[in-house]
Number of protein chains: 2
Amino acid sequence: MSLLEHELREQPVALARLLERQGEHADKLAALLRRRDVRYLLIASRGSSSNAARYAQYLLGRASRVPVAFATPSLYTLYEQPPRLDGALVVGISQSGESPDVKAVVDEARRQGRPTIALTNMPGSPLALAAEAVLPLEAGDERSVAATKTYLNSLGAIALLFAASTRDKQARRELELIPAQVEAQLEQSLLDVANADRYRSIAGGTVVGRGINYGSAFEIALKIRELSGLLFEAWSAADLMHGPVAAIAPGWPVIAVAPRGPALESMQAVIDGLAARGAHLFVIGEAEDAALRLVPNVPEWLSPLVTVIPGQLVALRLAELRGGDVDHPHGLQKVTLTR
Amino acid sequence: MSLLEHELREQPVALARLLERQGEHADKLAALLRRRDVRYLLIASRGSSSNAARYAQYLLGRASRVPVAFATPSLYTLYEQPPRLDGALVVGISQSGESPDVKAVVDEARRQGRPTIALTNMPGSPLALAAEAVLPLEAGDERSVAATKTYLNSLGAIALLFAASTRDKQARRELELIPAQVEAQLEQSLLDVANADRYRSIAGGTVVGRGINYGSAFEIALKIRELSGLLFEAWSAADLMHGPVAAIAPGWPVIAVAPRGPALESMQAVIDGLAARGAHLFVIGEAEDAALRLVPNVPEWLSPLVTVIPGQLVALRLAELRGGDVDHPHGLQKVTLTR
């Protein structure tokens, strides 16, 4: 078994460890999110962590009822014109904690006396040392280049902060159930992914999502792309129909992330529109006829923790069919030091 | 000549009209940007306007020295959980002014008593009526589905707000020179684009940019995609090297937006890395050996107004070679009413 598959299957255990070890600590960090002078959140991240940041944009935005912005690191580094950050709570997300541009944003926030939280799997990393507070991801050692359990635990850490900052006891109970649901999702998706074998000769594909699963679409596309080298891309369902849909030709594979929830009706309209253009659809959903079925009873706010699982397994299967080294994809490194 | 080509060639005149008619008005609007209670900007947009918003993220961020966030319209519409907006200045960008989700964000800001500015080509549109202040784009009637002159004038409007809010006289003088530089760029790129004829059989491509030209990469990819139906995508040069580069196979076309400026060194490193992977590079730059040459002496902060021109012409040429109707691309509409 590849390192990647091993780590992918370890996700329920890693997630349970995070919830057990960091639940109380998250309650303390939540005080930062509730500070009355916090008028917006500013997240700095790169790669898979930026897909987790899209989850935070919806979830922490709903928790604190403030907008969530993404930092433009080059304003801090290349252009040397960092903004005034009064009103900001800055969150840096980096699995390795090594990314210099993520750290540059956190450093600037501290210089300006603003509260900062690092989400990282490496509590001794430069990012963790730079931030005022750290929420360790507790994912354990991740050795394959492509992130799986560190991504899932980033989502878990964001969900913990949501439950803690809203002091919502039902949310905390729902969160406690999620490792078992991720385990059940792995079992379901391992069965479903056999269907992917028919698609060994595709050239690429598109993943669409909306709302809280916008980031899931990006993470699934990234994972397939990293592991298989196939040209996958992600779009918000709303933006896709604005023009980019012009390149969706008959037969082109489209994975639609469509769990139950407020975004489902609008996702269904996009699915119908894409089907009418002749796209080859793979729906990640709860319906019996979904190609990649979701386990039932996962609350919508936690759905990104299960919707990514079938995507990870499709990525792994497509890579195996194409004969690549899934642990060391061509030309990629685990840590990228962009400034 | 197609409507699209006519409108594309009209851009220098449309831009000059904007600067002449709206210069003084922009000075008045700039007072909103300088309000002391503005701690961040929040931009709502869709489609091409979101690519103009990426320019605003860098330029207005530098002008006001505050972070610029993008709104998540579905929190206002689908999820009905709009954030608190104290500290925000809200900017809605919509060429038609018809987009209900852009208007929903502006409506919410007004309910909360926050300042709002609409950038739209339609001063009588629902968005313009909803906002406290309007900066008309003055692009004239745009009839082809794909935006060209409304996009360029959106950039022009953002540049006007920058020059006005910083009260920078040199910036204003540099801005006055830009219509003539766009005209010269059109002439240069009309010559260069003949080289695109060799590429009629490509399946797709990637556009990369960084910093202030991050949005230019997205707009060029969108334009090629809308007009030709080819699968073009855009990446920040920093994010691409983090993993998505795995799908860049030998011979794959990559357009690199690389004008002079603080981002050039990091862009050059990415160009070299892509060349080492065997990608087929088309550089938009000032160097003599650039495939798509930029006219000289355009200041970096205004470079997105010229870098998009060769991209628009490549899009038009590829569409013509493939025999599509460039004025009415398959399945697209001028106004998309996403909620």
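Thresholds, definitions, all that
- Residues numbered from 1 in each chain as written.
- Chains lettered and ligands numbered in written order.
- Predicted model: local features only at pLDDT ≥ 70, side-chain atom pairs only at ≥ 80, totals over all residues.
- Heavy atoms only, no water.
- Pairing = 2+ DSSP bridges.
- Helix = DSSP H or I, 4+ residues; strand = E, 2+ residues; numbered from the N terminus.
- Core = buried A, V, L, I, M, F, W, Y, C linked by side-chain atoms within 4.5 Å.
- Buried < 20%, exposed > 50% of the residue type's maximum accessible area, 1.4 Å probe, protein only.
- Contact = heavy atoms within 4.5 Å.
- Expected span 1.5 Å × (residues − 1).
- Bend = angle between axes of the 7 residues up to and from the residue.
- Axes fitted to C-alpha atoms, helices over the stretch in contact; angles between N-to-C directions.
- Parallel < 35°, antiparallel > 145°, perpendicular 65-115°, else oblique.
- Left-handed = near helix turned anticlockwise from the far one by under 90°.
- Nonpolar A, V, L, I, M, F, W, Y, C, P; charged D, E, K, R; others polar.
- Salt bridge = Lys/Arg side-chain N within 4 Å of Asp/Glu carboxyl O.
- Lys, Arg positive; Asp, Glu negative; His and termini not counted.
- Polar contact = N/O pair within 3.5 Å; in protein donor to acceptor, adjacent residues only side chain to side chain.
- Phe/Tyr/Trp six-rings, centres within 6.5 Å; stacked < 30°, edge-to-face > 60°.
- Lys NZ or Arg CZ within 6 Å of the ring centre and 35° of its normal.

Asks: How would you summarise the sheet that holds strand β7 (residues 231-236) of chain A if you had to cite specific residues and measurements?
Replies: All names here are of chain A. In space, the five strands of this open sheet follow the order β7-β6-β8-β9-β10, with parallel pairing throughout. Bordering the open sheet on either side are β7 and β10 (292-293), each of which pairs with just one other strand. Summarising the sheet, strand β6 (residues 204-209) and strand β8 (residues 253-257) pair through three bridges and their orientation is parallel. Note that in β8 the partner of Thr206 across the bridge is Val254.

Asks: I'd like to hear about the nonpolar core, residue by residue, with values.
Replies: Formed by 213 residues in total, the largest nonpolar core has its most connected members in Tyr55, Leu119 and Ile178 of chain A together with Tyr55, Leu119 and Ile178 of chain B. Discounting residues that sit within four places of it in the chain, Ile178 of chain B has contacts with Leu15, Leu19, Val298, Leu302, Leu305 and Val306 of chain B. Core analysis: the next-biggest nonpolar cluster, separate from the first, contains 38 residues, Val245, Ala246 and Ile271 of chain A together with Ile248 of chain B among them.

Asks: Can you tell me about helix α2 (residues 11-33) of chain A, naming the residues and giving the values?
Replies: Between its first and last C-alpha, α2 of chain A extends only 27 Å over 23 residues, short of the 33 Å set by a 1.5 Å rise per residue. Within α2 of chain A, the axis deviates most sharply at Gln22 of chain A, by approximately 55°.

Asks: Can you lay out unusual backbone geometry for me, pointing to particular residues and giving the numbers?
Replies: Trans is the prevailing form of peptide bonds, just as negative phi is the prevailing case for residues other than glycine. Notably, Glu138 of chain A is not glycine yet its phi reads approximately 60°, a positive angle. Within the fold, Glu138 of chain A resides in the loop between β5 (133-136) and α7 (149-166). Exposure remark for Glu138 of chain A: the relative accessible area of 15% places this residue in the buried category. Although it is not a glycine, Arg65 of chain B sits at a positive phi angle of roughly 55°. Along the polypeptide, Arg65 of chain B turns up in the loop between α3 (48-64) and β2 (68-70). Judged by relative accessible area, Arg65 of chain B falls into the partly exposed class, the value being 33%.

Asks: Give me the lowdown on the packing of helix α8 (residues 169-192) of chain A against helix α12 (residues 304-322) of chain A, citing residues and values where you can.
Replies: Residue and element names in this part refer to chain A. In the contact formed by α8 and α12, the axes pass within 9 Å of each other and the chain directions differ by 30°. It follows from the interaxial angle that α8 and α12 lie roughly parallel. The hand of the α8/α12 crossing is right-handed. Residues Ile178, Gln181, Val182, Gln185, Leu186, Ser189 and Leu190 of α8 lie in contact with α12, whose contacting residues are Leu305, Val306, Ile309, Pro310 and Leu313. By residue class, the composition of the contact of α8 with α12 is nine nonpolar, three polar and no charged.

Asks: Describe the sheet that holds strand β4 (residues 116-120) of chain A, naming the residues involved and giving the relevant values.
Replies: Residues and elements named next belong to chain A. Spatial strand order, β2-β1-β3-β4-β5: five strands in an open sheet with parallel pairing. Only two strands of the sheet have a single neighbouring strand rather than two, namely β2 (68-70) and β5. Averaged over neighbouring strand pairs, the angle between their axes works out to 25° when direction is ignored. As defined by bridge partners, strand β1 (residues 40-45) adjoins β2 across three bridges and the pair is classed as parallel. Bridge assignment links Ile43 to a residue of β2, and that residue is Phe70.

Asks: Kindly report on the pattern of salt bridges, identifying the contributing residues and their values.
Replies: Residues and elements named next belong to chain A. Applying the stated criterion to the full structure yields 38 salt bridges over all chains. In this structure, Arg111 and Glu108 form a salt bridge, with 3.0 Å as the shortest nitrogen-oxygen distance. A residue pair is termed a helical-turn pair when its members lie 3 or 4 positions apart in one helix, as Arg111 and Glu108 do in helix α5 (residues 100-111) at three residues. What you see here is one network of salt bridges that share partners, running through Arg35, Asp37 and Arg114.

Asks: Break down the side chain of Glu7 of chain B for me, citing the residues and quoting the values.
Replies: All names here are of chain B. Relative to the helices and strands, Glu7 is located in helix α1 (residues 3-9). Within the buried core, Glu7 has no salt-bridge partner, and the shortest N-O distance to an opposite charge, that of Lys149, equals 5.3 Å. Reaching out from Glu7, the side chain makes a polar contact with the side chain of Ser144 at a distance of 2.8 Å. Excluding its chain neighbours within four sequence positions, the residues that come into contact with Glu7 are Asp141, Glu142, Arg143, Ser144, Thr148 and Lys149.

Asks: So, the packing of aromatic side chains: which residues are in play, and what are the values?
Replies: Going through the model one piece at a time under the given rule, you end up with seven aromatic pairs over all chains. When the ring of Tyr199 of chain A is compared with that of Phe282 of chain A, the centres are 4.7 Å apart and the planes differ by 90°; the resulting orientation is edge-to-face. Of this pair, Tyr199 of chain A sits in the loop between α8 and β6 while Phe282 of chain A sits in strand β9 (residues 280-285); the two residues are 83 residues apart in sequence, bridging distant segments of the chain. The exposure classification of Tyr199 of chain A matches that of Phe282 of chain A, with both residues buried. Here Arg54 of chain B stacks its cationic end above the ring of Phe218 of chain B, 3.8 Å away from the centre of that ring.

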